[in-house]
Amino acid sequence: MNQAKERRPLRTPLRTTVIGSYPLPGWLEFAAAHLDEFGETDIEEMRTDAVIAAVHDQLRAGLDVITDGEQSRYDFNLSFYGRLEGIRATPFSPRRFGPPAHDQRGKYPVTETIVFRHGLGAVAEFELLREIAPPGGPVLKASVPGPYTLSGRIEPGGAYPSRWEVTDALIPIVRAELEQLVNAGCREITLDEPSMSCYAYREDPRRFVKIFADTVKPIVGRCRLSTHLCFGNYKGRAVAPRRYAPLFPAFYELPVDEIHLEMASREFAEIELIGEIAKRGIDVAVGIIDVKNYYIETPFDVAERVRLCLKYASADRLSFAPDCGLSQTARWAARQKLANMVHGVAIVRKELGVA
């Protein structure tokens with residue numbers, strides 16, 4: 001039985017949140033390409049300063065939920081591979097030139113048994129966020145890539161003849177990280193599984209549900225748990241047929257409190273789905289900001305989109321966020337998009353008399 005069905009509605013109706021990533025400051029991008037010129041203390045200071053910048057921008061926007069912006073990571077998941085043993089550390093990239101796309105992201109070949117000895121780093125990220133964020137401020141959220149999504153960059157081999165075996169090897173690794181996050185005091189976690197929505201059209205979605213449930217089993221009921229389902233955003237490009245229909249009805253059984261859906265970039269196709277999810281007692285974080293588009297949504301655009309969502313689900317079941325993480329969006333645009341999102345939601349809150 002889906003544990004989320006017994007959960008109470010949101011304490012903050014129409015709350016504003018983010019997926020996880022935020023643009024890296026330009027100076028950090030430059031430094032990351034010249035790390036041999038910096039000492040360990042320099043690198044630690046840069047990492048901390050980047051999180052301070054990301055937190056500042058989110059606080060200034062007025063979000064109800066913030067993250068560390070994943071400033072300590074390379075992309076939303078690539079830095080995790082450097083923490084795994086049993087794969088080749090230097091990824092093979094089949095194409096380096098021409099139009100940017102997902103096929104330029106390298107694979108990590110399996111060399112032996114996949115293990116980890118020192119965690120994936122998410123706990124240290126959360127502890128730094130908690131240290132920087134103001135006491136009594138917004139809710140602090142951690143975002144961790146799920147095992148199926150992580151398996152996508154690992155080239156099967158040896159004891160792992162297919163992606164499924166690689167995924168099975170990663171389940172206990174991700175599960176342990178989630179448990180440590182909860183033990184460290186994290187009360188809101190997103191298990192990021194965009195690859196599930198990208199490949200549901202050709203795989204059994206019930207198998208995805210089982211993978212997800214096995215991964216989160218120890219933390220269900222111990223934190224507010226969500227998942228993010230999108231269609232890829234590397235260099236602003238999707239990587240799959242952009243339809244949620246293949247995921248359902250199987251995904252109604254996910255043991256989550258909230259499901260994040262990419263809607264803005266798809267002109268709110270399948271918007272009726274949020275009503276079906278809400279009927280099952282699961283909250284919906286609707287992507288109402290298009291991170292692939294450099295049109296800056298106005299507060300009035302946002303308010304109109306919020307009103308559309310309210311036709312399908314009640315305010316106490318709805319959150320609002322960008323479609324995806326903001327790491328592929330320029331910081332100046334991300335900053336204004338978030339501010340306008342919060343402003344637009346506030347317009348509708350006022351109309352409804354919601355504090």
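Residues numbered from 1 in each chain as written. Predicted model: local features only at pLDDT ≥ 70, side-chain atom pairs only at ≥ 80, totals over all residues. Heavy atoms only, no water.

Undergrad: What is the right way to read the sheet that holds strand β1 (residues 15–16) from this model?
TA: Backbone hydrogen bonds are what pair the strands of a sheet, in a parallel or an antiparallel way. Pairing within the open sheet is parallel, and its seven strands lie in the order β1-β12-β11-β10-β9-β8-β6. Edge strands, defined here as strands with exactly one partner in the open sheet, are β1 and β6 (142–145). Direction of pairing for strand β10 (residues 258–262) relative to strand β11 (residues 283–289): parallel, over a ladder of five bridges. Bridge pairing in β11 places L261 opposite V286. (Pairing = 2+ DSSP bridges. Helix = DSSP H or I, 4+ residues; strand = E, 2+ residues; numbered from the N terminus.)

Undergrad: Mind showing me how you'd approach the state of the cysteines here?
TA: As used here, a disulfide is simply a covalent bond connecting the sulfur atoms of two cysteines. For the structure shown, the criterion picks out zero disulfides. The cysteine C223 is free of any disulfide, with C186 supplying the nearest cysteine sulfur at 6.8 Å. C309 takes part in no disulfide bond, and the closest cysteine sulfur to it belongs to C230, at a distance of 17 Å. Taking the relative accessible area as the measure of exposure, C309 reaches 0% and is therefore buried. (Disulfide = S-S within 2.5 Å. Buried < 20%, exposed > 50% of the residue type's maximum accessible area, 1.4 Å probe, protein only.)

Undergrad: Even after reading the chapter, I still don't get the nonpolar core, so can you show me in this structure?
TA: Side chains of a nonpolar character, in soluble globular proteins, are inclined to be buried together. In terms of nonpolar packing, the biggest core is built from 101 residues, with F251, I274, V286 and I288 touching the most fellow members. Once you skip the residues sitting within four places of it in the chain, I274 turns out to touch L261, M263, V284, V286, C309, Y312, A313 and L318. (Core = buried A, V, L, I, M, F, W, Y, C linked by side-chain atoms within 4.5 Å. Contact = heavy atoms within 4.5 Å.)

Undergrad: Where do I start with helix α7 (residues 205–216) in this structure?
TA: Think of an α-helix as turning once every 3.6 residues; residues three or four places apart then point the same way. The end-to-end C-alpha distance of α7, which contains 12 residues, comes to 17 Å, matching closely the 16 Å that a straight helix rising 1.5 Å per residue would cover. Close packing links the buried residues of α7 with α4 (147–151), α5 (163–183), β8 (188–192), α6 (194–199) and β9 (224–229). Among the residues of α7, the N-terminal cap falls to D204, whose side-chain oxygen and the backbone nitrogen of R206 are separated by 3.0 Å. (Expected span 1.5 Å × (residues − 1). Polar contact = N/O pair within 3.5 Å; in protein donor to acceptor, adjacent residues only side chain to side chain.)

Undergrad: Before we go on, may I ask you to explain the pairing of β9 in this structure?
TA: Consecutive side chains of a regular strand alternate in pointing toward one face of the sheet and then the other. Of all six residues that make up β9, six are buried, and the element is covered over most of its length. Strand direction decides the pairing type here: β8 and β9, joined by five bridges, are parallel. Of the residues in β9, the one forming a bridge with E188 is R224. Pairing of β9 with β10 involves four bridges; the strand directions are parallel. Residue pairing in the sheet places L229 in a bridge with L261 of β10.

Undergrad: Is there a simple way to explain helix α2 (residues 40–61) in this structure?
TA: For α2, built from 22 residues, the straight-helix expectation of 32 Å at 1.5 Å per residue is met to within 8% by its first-to-last C-alpha distance of 32 Å. Turning to α2, its buried residues number three or more, namely M46, A50, V51, A53, A54, V55, D57, Q58 and A61. Those residues of α2 that are buried are in contact with α1 (26–32), β2 (65–66), α3 (122–132) and α10 (331–352). Note on α2: the residue one or two positions beyond its end, G62, has a positive phi of about 90°.

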